[in-house]
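# Descriptive structure summary
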Amino acid sequence: MKLGLIGTKIGMTREFVESGKSIPVTVIKIEKGRVLNIITKEKRGYTGVQVGFGKLKTSKLTNQMKGFFAKKNTEPKKIIQEFRLDKTDDFKEGNEYGLEIFKDDKYLD
């Protein structure tokens, strides 16, 4: 499995190709993700990365989540997603990544 990003649909538009044909396109806003936790095979039985996306007010958090984000020394995140990866050597807690992770990919789903 690969690392991913979370996006929000903004709207629809269209692109015109050289022949004049109109192609419908979805516009997506993508924010950078912050690595919150590195998951090891010894702890959970698989390797992966836990990533937080979006911003959230501290007042909307439970006490448990306030403690989690305080322990990680990061601002609260709205969405927390795990990605199972074969190698987690390239990731460190607190690092942010964005669209640059897809620079070598020609097609995204």
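Everything that follows concerns the structure shown earlier in this document.
A short tour of the structure in this document, coming up. (Residues numbered from 1 in each chain as written. Predicted model: local features only at pLDDT ≥ 70, side-chain atom pairs only at ≥ 80, totals over all residues. Heavy atoms only, no water.)

Along its length, the protein chain carries 2 helices and 6 strands. When the helices and strands of the protein chain are read in sequence order from the N terminus, they spell out β-β-β-α-β-α-β-β. Its C-alpha atoms give the protein chain a radius of gyration of 17 Å, more than 25% over the compact-globule value 13 Å for 109 residues. Once the C-alpha set of the protein chain is aligned to its principal axes, its extents read approximately 55 × 35 × 20 Å. Counting the 109 residues in the protein chain, one finds 28% classified as buried. Nonlocal contacts in the protein chain, meaning residues at least 24 apart in sequence, comprise 54% of its contacts between residues at least 6 apart. When the accessible surface of the protein chain is split by element, carbon and sulfur atoms take 49% of a total near 8,500 Å². (Helix = DSSP H or I, 4+ residues; strand = E, 2+ residues; numbered from the N terminus. Rg over C-alpha atoms; globule rule 2.2 N^0.38 Å. Buried < 20%, exposed > 50% of the residue type's maximum accessible area, 1.4 Å probe, protein only. Contact = heavy atoms within 4.5 Å. Areas by Shrake-Rupley, 256 points an atom, 1.4 Å probe, with all protein chains shown as cover.)

Ordered by their spatial adjacency, 4 strands build an open sheet running 5-4-3-6, and the pairing between neighbours is antiparallel. Each having just a single partner strand, strand 5 (79–84) and strand 6 (96–97) make up the two edges of the open sheet. Sheet topology places strand 4 (residues 48–53) next to strand 5; 6 bridges connect them, and they run antiparallel. When the sheet's bridge partners are listed, Gly48 is paired in strand 5 with Arg84. Lying over the sheet, helix 2 (residues 63–72) contacts strand 3 (33–39), strand 4 and strand 5, oriented at roughly 90° with respect to strand 3. (Pairing = 2+ DSSP bridges. Axes fitted to C-alpha atoms, helices over the stretch in contact; angles between N-to-C directions.)

What follows concerns the nonpolar core. One recurring pattern in soluble globular proteins is that nonpolar side chains are buried together. Counting residues in each nonpolar core, the largest one holds 12 residues, listed as Leu3, Leu5, Val35, Ile38, Val49, Val51, Phe53, Phe83, Leu85, Phe91, Tyr97 and Phe102. Elements supplying a minimum of two residues to this core: strand 3 and strand 4. Counting residues per element, this core draws most heavily on strand 4, at 3 residues. Contacts of Leu5, omitting those with residues within four sequence positions, involve Ile30, Glu31, Gly33, Phe53, Phe83, Tyr97, Gly98, Leu99, Ile101 and Phe102. (Core = buried A, V, L, I, M, F, W, Y, C linked by side-chain atoms within 4.5 Å.)

Looking now at a nonpolar patch on the surface. Together, Ile28, Ile30 and Leu99 give the surface a local cluster of nonpolar side chains, amounting to about 280 Å² of exposed area. Assignment of secondary structure puts Ile28 in strand 2 (residues 22–30). (Patch = residues over 30% accessible without salt bridge, like charges linked within 9 Å, V, L, I, M, F, W, Y side chains within 5 Å. Salt bridge = Lys/Arg side-chain N within 4 Å of Asp/Glu carboxyl O.)

So, on to the environment of Glu93. Topologically, Glu93 is positioned in the loop between strand 5 and strand 6. Since its relative accessible area comes to 45%, Glu93 is described here as partly exposed. On a C-alpha basis, the gap between Glu93 and Arg34 in space is 7.8 Å, while along the polypeptide they are 59 residues apart.

Looking now at the pattern of salt bridges. Tallied over the entire structure, the rule returns 6 salt bridges. Among the salt bridges present, the one from Lys32 reaches Glu100, with a minimum N-O distance of 3.9 Å. Residue Lys32 is located in the loop between strand 2 and strand 3, and its partner Glu100 is located in the segment after strand 6; the two are separated by 68 residues in the primary sequence. With a relative accessible area of 41%, Glu100 lands in the partly exposed category. In this structure, Arg34 and Glu75 form a salt bridge, with 3.8 Å as the shortest nitrogen-oxygen distance. In this pair, Arg34 is assigned in strand 3 and Glu75 in the loop between helix 2 and strand 5, connecting sequence segments 41 residues apart.

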